[in-house]
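# Chain and residue survey
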Amino acid sequence: MRQVVLDTETTGLDPSDGHRVIEVGCVEIVDRRCTGRVLHQFINPERDIDDGALEVHGITREQLADKPVFTQVVDELLAFIAGAELVIHNAPFDIGFLNAEFSRVGDRVGVVEDHCGVLDTLVMAFCQQAR
């Protein structure tokens, strides 16, 4: 089984307010073993970063000024996650942001779920608590 552990950092809390992905990190796992393949990319959001988000991740707009925009990294990201099961803590947050970014790219990209499955470790944690 191929899984990709994925996390994002963003400019704020809600993509419907125009907030953007500024960092994506992925680690590949095959048969429950890390393969050593990783994808890490900082992304220029072409907008300001909310103070609250800055307090969480410490990434400034100035640090991202020379980084590629999302449309320049989307194909590499899609190739990395294709066919995998994404493992994400609080998946609706990251998936919501990625799908918003995908929609800006155009119809050719679709949504995350068109390319891979998603496993939410936050939901799994609550299942353990319910026992």
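This structure is a prediction, so every number in the text was calculated from the model and none was measured.

Broken down by element type, the protein chain carries 5 helices and 5 strands. Listing the helices and strands of the protein chain from first to last along the sequence gives β-β-β-α-α-α-β-α-β-α. Over its C-alpha atoms the protein chain spans a radius of gyration of 15 Å, differing by no more than 12% from the 14 Å that the globule rule assigns to 131 residues. In the protein chain, which comprises 131 residues, the share counted as buried stands at 39%.

Looking at the secondary structure, you find V56 in helix α1 (residues 51–57). When the C-alpha atoms of V56 and G12 are compared, they prove to be 10.0 Å apart, with 44 residues separating the residues in sequence.

Spanning 15 residues, helix α4 (residues 91–105) covers 21 Å between terminal C-alpha atoms, matching the ideal 21 Å at 1.5 Å per step. Among all positions in α4, only A91, D94, I95, F97, L98, N99, A100, E101 and F102 are buried. The elements touched by buried residues of α4 are β1 (2–10), β2 (21–30), α3 (70–81), β4 (85–88) and β5 (117–120). Trailing α4 by a residue or two, G106 shows a phi angle of about 130 degrees, which is positive.

To continue, consider the packing of aromatic side chains. Tallying each qualifying case throughout the model produces 2 aromatic pairs. Taking 4.9 Å as the distance between ring centres and 50 degrees as the angle between the ring planes, the aromatic pair formed by F93 and F97 counts as tilted. With F93 and F97 both in helix α4, this residue pair falls 4 residues apart, about one helical turn. For F93, a relative accessible area of 26% puts it in the partly exposed group.

Formed by 25 residues in total, the largest nonpolar core has its most connected members in L6, C26, F70, L77, I81, L86 and F102. Breaking this core down by element, the ones donating at least two residues are β1, β2, α3, β4 and α4. With 7 residues, α3 is the single largest residue contributor to this core. Setting aside anything within four residues of it in sequence, one finds F70 in contact with R20, I43, L77, L98, E101, F102 and V105.

In space, the 5 strands of this open sheet follow the order β3-β2-β1-β4-β5, with mixed pairing throughout. Sheet topology places β3 (33–42) and β5 at the edges, where each strand pairs with a single neighbour. Across this sheet, the average inter-strand angle for adjacent strands is 25 degrees, counted without regard to direction. As paired strands, β4 and β5 are joined by 4 bridges and run parallel to one another. Among the inter-strand pairings, I88 is bridged to a residue of β5, identified as D120. Of the strands in this sheet, β1, β2, β3 and β4 touch α3, which is tilted by about 165 degrees from β3. The strands that α4 touches are β1, β2, β4 and β5; relative to β1, the one it contacts most, it runs at about 80 degrees.

Reading guide: rules and limits
Residues numbered from 1 in each chain as written. Predicted model: local features only at pLDDT ≥ 70, side-chain atom pairs only at ≥ 80, totals over all residues. Heavy atoms only, no water. Helix = DSSP H or I, 4+ residues; strand = E, 2+ residues; numbered from the N terminus. Rg over C-alpha atoms; globule rule 2.2 N^0.38 Å. Buried < 20%, exposed > 50% of the residue type's maximum accessible area, 1.4 Å probe, protein only. Expected span 1.5 Å × (residues − 1). Contact = heavy atoms within 4.5 Å. Phe/Tyr/Trp six-rings, centres within 6.5 Å; stacked < 30°, edge-to-face > 60°. Core = buried A, V, L, I, M, F, W, Y, C linked by side-chain atoms within 4.5 Å. Pairing = 2+ DSSP bridges. Axes fitted to C-alpha atoms, helices over the stretch in contact; angles between N-to-C directions.

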